[in-house]
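Coordinates in review
The lines below spell out each chain.
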Amino acid sequence: MAKYAACALLLPAAVLAASGDDQDGLFPSYVSLSFELIGFPDWAGTRAQPNEYSANMINNLVNIQGSPMIVRVGGNSADRAIYDKTLTTATSRGCPNADKGAWQCIGTSFFDSYGAFPAGTLYSHNFNLATWNSSGFDTLRDTVPLACNALRGQLEVFEIGNEPDLFIPLRRPNTYTVADYVDEWRNETTRFEKYLADACPDMTENNKYMFPSVSSPGARLRIPDIFKEGGDSLDKVTQVSAHNYMDGATNPGVTLQKTLMNHTAVVRSIGGHVKYAKSYTAPNPDAKYIIGEHNSLYGGGAVGLSDVYGAALWGLDFSLYAASTQIIKRVHFHQSIGSPYADWAPTGPRQTKAPYYGKLAAATFLAHSDKIQVKTLAIGPRDDVDSGYAAYKGDKLSRVALINLREYDSGSSAQRGSQTYTVGVPPRSRWVAQRLTAPGARDKTGITYNGYAYEAESLGKPVRVQGLETDRVVRPDKNGKLSIEVADSEAVILVRSC
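One numbering rule holds for all chains: residues counted from 1, following each sequence as written. Two thresholds apply to this predicted model, a pLDDT of at least 70 for residue-level local features and 80 or more for giving and counting side-chain atom pairs, whereas whole-chain, interface and lining totals are computed over all residues. In computing side-chain values, all of the structure's heavy atoms are included and hydrogens and water are not.

Going by an unreviewed UniProt entry, the protein carries the name Beta-glucuronidase C-terminal domain-containing protein and comes from [Torrubiella] hemipterigena.

Re the domain arrangement of the protein
Accessible area lost upon the coming together of the parts serves often as the stated size of an interface. Filter applied, for reference: Start and end positions for the domains come from either an automated domain assignment or a database one. In what follows, residue pairs with any heavy atoms lying within 4.5 Å of each other are defined as contacts. Note on definitions: buried area is the accessible-area loss of two parts on being combined, 1.4 Å probe, summed for both. Salt bridges are identified by distance alone: a Lys or Arg side-chain nitrogen within 4 Å of an Asp or Glu carboxyl oxygen. By the criterion applied in these results, polar contacts are pairs of N or O atoms within 3.5 Å in which, for protein atoms, one can donate a hydrogen and the other can accept it, and in which residues neighboring in sequence qualify only through two side-chain atoms. Runs of H or I in DSSP of at least four residues are treated as helices and runs of E of at least two as strands, each being numbered from the N terminus.
When its domains are assigned, the protein resolves into domain 1 (31-371) and domain 2 (375-497). Inter-centroid distance (C-alpha atoms) of domain 1 to domain 2 is 30 Å. Domain 1 puts 38 residues into the contact, and the matching count from domain 2 is 44 residues. Across the domain 1 to domain 2 interface the summed buried area is about 3400 Å²; carbon plus sulfur atoms make up 64%. On the domain 1 side of the interface with domain 2, the three residues burying the most area are Tyr309, Tyr357 and Phe365, jointly 24% of the side's total. For the interface between domain 1 and domain 2, the tally reads one salt bridge. The interface formed by domain 1 and domain 2 holds 20 residue pairs in polar contact (both at pLDDT 80 or more) in total. At the level of elements, helix H3 (52-65), helix H7 (256-260), helix H8 (263-277), helix H9 (309-324), strand E14 (351-352) and helix H10 (355-365) are the ones that each hand at least two residues to the side of domain 1 that touches domain 2. Examining the composition of the side of domain 1 that touches domain 2, we find that eight residues originate from one element, H9, more than from any other.

Focus on the UniProt feature "domain: Beta-glucuronidase C-terminal" (unreviewed entry) in the protein
To be explicit about the condition: UniProt positions are given in the numbering used here, feature names are shortened, and annotations may be inferred rather than shown by experiment.
Summarizing the sequence annotation, UniProt attributes the feature "domain: Beta-glucuronidase C-terminal" (unreviewed entry) to residues 388-493 in the numbering used throughout. Helix makes up 0% of residues 388-493 and strand makes up 46%, while its end C-alpha atoms are separated by 10 Å.

What about the pairing of strand E12 (residues 328-335)?
The condition is simple: Throughout this description, buried means an accessible area under 20% of the type-specific maximum (1.4 Å probe, protein chains only), exposed means over 50%, and partly exposed covers the range between. A crossover gets the label right-handed when its path from the first strand over the helix to the second runs clockwise, viewed with the strands pointing away from the viewer.
Most of E12 is tucked away, with eight of its eight residues classed as buried. Viewed along the sheet, the connection from strand E11 (residues 288-298) through H9 into E12 turns out right-handed.

What about the state of the cysteines?
For clarity, the cut-off: Cysteine sulfur atoms that come within 2.5 Å of each other are treated as a disulfide pair.
Under the defined criterion, the tally for this structure stands at one disulfide. Note on cysteine connectivity: cysteine 148 is disulfide-linked to cysteine 200, with sulfurs 2.0 Å apart. Here the S-S torsion is close to 75°, and the disulfide linking cysteine 148 with cysteine 200 is therefore right-handed. Residue cysteine 148 is found in helix H4 (residues 134-151), and its partner cysteine 200 is found in the loop between helix H5 (178-199) and strand E9 (209-214); the two are separated by 52 residues along the sequence. You'll find cysteine 148 and cysteine 200 in the same group, each marked buried.

Here we look at the sheet that holds strand E8 (residues 155-160)
Threshold: Whether two strands pair depends on DSSP finding at least two bridges between them. Lines fitted to C-alpha atoms define the axes, with helix axes restricted to the stretch in contact, and inter-axis angles between N-to-C directions lie between 0 and 180 degrees.
Spatially, E2-E3-E7-E8-E9-E10-E11-E12 is the arrangement adopted by the eight strands of the closed barrel, whose pairing is parallel. Taken pair by pair, the neighbouring strands of this sheet meet at an average axis angle of 25°, ignoring direction. As paired strands, strand E3 (residues 70-74) and strand E7 (residues 122-127) are joined by four bridges and run parallel to one another. Within E7, the position partnered with isoleucine 70 by the bridge is leucine 122. Relative to the sheet, H5 contacts E7, E8, E9 and strand E10 (237-248), its axis offset from that of E9 by approximately 150°.

Side note on the packing of H3 against H10
To keep things clear, this is the line we draw: The labels follow the angle: roughly parallel below 35 degrees, roughly antiparallel above 145, roughly perpendicular from 65 to 115, and oblique for the rest. In this scheme the crossing of two helices becomes right-handed for a clockwise turn of the near helix relative to the far one and left-handed for an anticlockwise turn of less than a right angle.
Contact geometry for H3 and H10: axes closest at 8 Å, N-to-C directions at 20°. One element, H3, and the other, H10, form an angle in the roughly parallel class. The element H3 and its partner H10 pack so that their crossing is right-handed. Across the interface between the two elements, Met57, Asn60, Leu61, Ile64 and Gln65 from H3 touch Tyr356, Lys359, Leu360, Ala363 and Thr364 from H10.

Looking at the sheet that holds strand E5 (residues 91-92)
Read from one edge to the other, the open sheet built from three strands follows the order E4-E6-E5, with strand pairing classed as mixed. The open sheet terminates on both sides in strands that have one partner only, identified here as strand E4 (81-83) and E5. Looking at chain direction, E5 and strand E6 (residues 104-106) are connected through two bridges and run antiparallel. From the neighbouring strand, threonine 91 faces E6, where its bridge partner is isoleucine 106. Taken strand by strand, H4 contacts E4 and E6, and its axis lies near 70° from that of E4.

Overview of unusual backbone geometry
Cis geometry is found at the peptide bond from isoleucine 168 to proline 169, where omega equals 5°. Within the secondary structure, proline 169 is located in the loop between E8 and H5. Residue glycine 348 is joined to proline 349 through a cis peptide bond whose omega torsion reads -15°. Structurally, proline 349 can be placed in the loop between strand E13 (344-345) and E14. Of note in this structure, histidine 368 is not a glycine but carries a positive phi near 50°. Of note in this structure, asparagine 450 is not a glycine but carries a positive phi near 55°. Along the polypeptide, asparagine 450 turns up in the loop between strand E20 (448-449) and strand E21 (452-453).

Notes on the pattern of salt bridges
Applying the stated criterion to the full structure yields 23 salt bridges. Here aspartate 24 ties to lysine 288 by a salt bridge, and the two come within 2.4 Å at their closest N and O atoms. Here the residue aspartate 24 occupies a position in the loop between helix H1 (13-16) and strand E2 (31-36), and lysine 288 occupies one in strand E11, the gap between them amounting to 264 residues. Taking relative accessible area as the criterion, aspartate 24 reaches 54% and is therefore assigned exposed. What makes lysine 288 buried here is its relative accessible area of 15%. Note that arginine 186 and aspartate 183 form a salt bridge whose closest N and O atoms lie 3.1 Å from each other. A residue pair is termed a helical-turn pair when its members lie 3 or 4 positions apart in one helix, as arginine 186 and aspartate 183 do in helix H5 at three residues.

This is the structure we're talking about:
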């Protein structure tokens, strides 16, 4: 096998902290989820009959991260959803009691899905802003009582509108401006807060918003302009949200190695958010920047790219690099029924998808994210495919991530290569190695993390795979050099045990 040895010197966090952009710390549950609103009942089930498979898949991440999952329910369908009290189902694509053109409706039982995920889960609910007519206004009035009562005791924030920059030109004219958007948002939140005070007065004092949920840092409606226009009327915004996708599912030139399994592309994508987050001053000084919705490729992802093991490696690298900025406080991976980029299929036929395994590795490295500081490591000869990270708790080095993004396909006749990465650690420390692996980057099955599979057959519960290592104990030499071999298209998380 081809090998390369490099030594990354790991400095104490106190030394590294001087270069940090924001020392307030990350949010807990850094690796969180976003669910397309119209499909949410399929993912969650109901409080009376929760989807056991989904509950287990979320619990796996909760147990690893050490904090409850933060679930955002929203997306494009939130701005299309019209409430129909006559519906006998949670959702419907037929809306006979709505205005002409409405094609997604929710019924009263939709709100039974809040509370179906494991106890402790916190939710945000996305209200419809785009439907600026009587059906949209009535939907807000009628669903605020249902939402607030369902979310009492398990609310993260409220969200009003999704990707308002993309209202143009189908739902707003080309002349739609930042001032128009802010006026609509203030109008809607004024009515929302009245309905909230009437239905759930106990929830008004700590009312907070995720906002403005633009489609990207390059959105036509710019956050700096929005905050300047809105001023103090936006002082309840505590999570400044922008969305991110690496590219479009059908765009020419998109490849696994160039677009997803590419650290340079990840740095470029996240760099845009870091620059954006530094470009505005929020009215609320406690407001923090998050990526409220993201995944590999917009449009639901692409078969053969978003649903393969290489996308799991991308998800790992993206999460860790975002955390290393200290500016992006949390990321929400978007889930949609039937989409290639989904982590699992919650209903028939149930299936664990390849990207989920990257979340397990990311959650391991980012456990108790509000108590760690993440730094990047230069570990190999190529910045585009050799990616390393260190996590510190105070001055103590606690975890190391080593990611080899070179694409290897299991159908190739070539021998699978590898890299030997060497990092500097305390000489007498002991580490546990947990490996994210699969036969090849384009495989959709046979994927494991730390020797375990989390497949639908076990309803997402971990099952030990014979012949694969788990919690392998490794130690550095007397000089504190710790060497680990990582195959092409593979990653290793090192967790310090003493």
